[in-house]
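# Commentary on secondary and tertiary structure
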Amino acid sequence: MSPVSSYPTLPRTTPEDIVRRLTHLPSAPRVLPKLKRLLSDTNSSLHEIVALIRLDPGIAARVLQIGNSAYFSHGLRCYTVDEAVNRVGYEQIYELVANAVASEVLVRPLASYAIAADELWQTSVACAIAAESLADALGIERDIAYTIGLLHRVGLVAIDDWLQRAAPQFCFEKQDQPAETSAQERQFLGFNNAEVGAALLRLWDFPAVMSEPVRWQYLPNATAAHGQLASLLALAKWISRSALRRGRSPFAVESTVLRRIGKREPQLDSYVSLVRGKLAQISSLLAEGEQQRVLPFPAGDRAIVAVK
């Protein structure tokens, strides 16, 4: 891989062009806005929710896997999405499907950023947990906060996909918070991963209340309309990175971000501990014994991994 300092000018493009040319991302994230609308409508039936989940074999397989985990199964196996959704429960189904969607999008290495698949997945899930935890104190919907946190790095995936075709030897130099690689991206591309992520969420029909905070995650004070959620995302990123570092992030949180969220810096340690605890639970769940089964789906048979 060539370091950015020694690489020639990259082809000119735009965030919209990058997301239109994606070749390796599934359409599964389109499910989330539709699921959110169904769950917000008291007239929606469980049958409608199950029908939506069954449209994507990958999501359905993940729902079945979690439904058969020791936490939910209590020794009784389920073989259909209907059974799994009933077992998991109406209240938790959005988060479960969001994780299933993210596992399709985010479990992949990013060569252009020297990011391993596990690292991308961990930082995304940790940020989602932190954002959801902060949402309660602000009266923000937990599902919205969780999804913003979960998909805040999706722009990296889109840029990497484009670079693997346009300039496969190009590699950004790793940078930590708060700006990460955004300055390098702007220097070589003319925009950063946050702008590409927002463009991708718009393409997937996510509303502005979810795409704009992703767009402004590096400059939460630059948007009046979406400043609170952008600040929440910026703070959730700090908390999640601190949780994964096993020590506080060396970068201070902007005072304006703390004021917008109504938190003081000493209070953040409890959120860091909470995220660490939940990540440990997730690791335990994923570490359970697995077995493979072949189940029928509308698009054809699919081998899935089911937890014993």
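Everything numeric here is computed off the predicted structure, so don't read it as measured data. Here the residue numbers are simple positions, counted from 1 along each chain's written sequence. In view of the model being predicted, local features appear only for residues whose pLDDT reaches at least 70, and side-chain atom pairs are presented and counted only at 80 or more, with totals across whole chains, interfaces and linings using the full set of residues. With hydrogens and water excluded, all non-hydrogen atoms of the structure serve as input to the side-chain values.

The classification of residues rests on relative accessible area computed with a 1.4 Å probe and restricted to protein chains. Under 20% of the type maximum is buried, over 50% is exposed, and intermediate values are partly exposed. Each helix is a run of H or I in the DSSP string that is no shorter than four residues. Each strand is a run of E no shorter than two, and both are numbered from the N terminus. Summarising burial for helix α4 (residues 57-67): eleven of the eleven residues are buried, a large majority. Of all the residues in α4, the buried ones are P57, G58, I59, A60, A61, R62, V63, L64, Q65, I66 and G67.

So, about the packing of aromatic side chains. Any Phe, Tyr or Trp ring, taking Trp's six-membered ring, that has another such ring centre within 6.5 Å forms a pair; planes under 30 degrees apart are called stacked, those over 60 apart edge-to-face, and the others tilted. Overall, the coordinates contain four aromatic pairs when judged by the stated rule. When the ring of F170 is compared with that of F172, the centres are 4.9 Å apart and the planes differ by 80°; the resulting orientation is edge-to-face. These aromatic residues form a ring-pair network of at least three members: Y113, F170, F172 and F188. Positioned over the ring face of Y94 is K36, at 5.8 Å from the centre of the ring. Criterion for a charge above a ring: Arg CZ or Lys NZ at most 6 Å from the ring centre, at most 35 degrees from the ring normal.

Glancing now at the nonpolar core. Judged by nonpolar contacts, the single largest core of 95 residues is most densely connected at I53, I59, V97, L235 and I239. With twelve residues, the top contributor of residues to this core is helix α8 (residues 117-138). Excluding residues that lie within four positions of it along the chain, I239 makes contacts with A130, L134, L268, Y271, V272 and V275. Note on terminology: a nonpolar core comprises buried Ala, Val, Leu, Ile, Met, Phe, Trp, Tyr and Cys residues joined through side-chain atoms within 4.5 Å. The contact definition used throughout considers only heavy atoms, calling two residues in contact when any of these lie within 4.5 Å.

In this section: the packing of helix α9 (residues 142-150) against helix α13 (residues 208-215). The N-to-C vectors of α9 and α13 enclose an angle of 40°; their axes lie 10 Å apart at closest approach. Here α9 lies oblique to α13, going by the angle between them. You can see that α9 and α13 cross each other, and the crossing is right-handed. On α13, the residues touching I144, T147 and I148 of α9 are V209, M210, P213 and V214. Side-chain classes are defined by residue name, with Ala, Val, Leu, Ile, Met, Phe, Trp, Tyr, Cys and Pro counting as nonpolar, Asp, Glu, Lys and Arg as charged, and the others, Gly among them, as polar. Each residue belonging to the contact of α9 with α13 can be placed in one class, and the counts come to six nonpolar, one polar and no charged. Working convention: axes come from line fits to C-alpha atoms, limited for helices to the stretch in contact. Angles between N-to-C directions cover 0 to 180 degrees. Reported orientations rely on four angle classes, namely roughly parallel under 35 degrees, roughly antiparallel over 145, roughly perpendicular from 65 to 115, and oblique for the rest. Throughout, a crossing is termed right-handed when the near helix is turned clockwise from the far one, and left-handed when it is turned anticlockwise from it by less than a right angle.

On to the pattern of salt bridges. In what follows, salt bridge is the name for a side-chain nitrogen of Lys or Arg lying within 4 Å of a carboxyl oxygen of Asp or Glu. The final tally for this structure, using the stated rule, is 15 salt bridges. Of the charged contacts in the structure, one is a salt bridge between R142 and E132, with a shortest N-O distance of 3.5 Å. Of this pair, R142 sits in helix α9 while E132 sits in helix α8, and the two are ten residues apart along the sequence. Accessibility expressed as a relative area gives 32% for R142, which makes it partly exposed. Here E212 and R202 are joined by a salt bridge, their closest N and O atoms 3.8 Å apart. Taken together, the residues span a long stretch of sequence, with E212 in helix α13 and R202 in helix α12 (residues 193-203) at a distance of ten residues.

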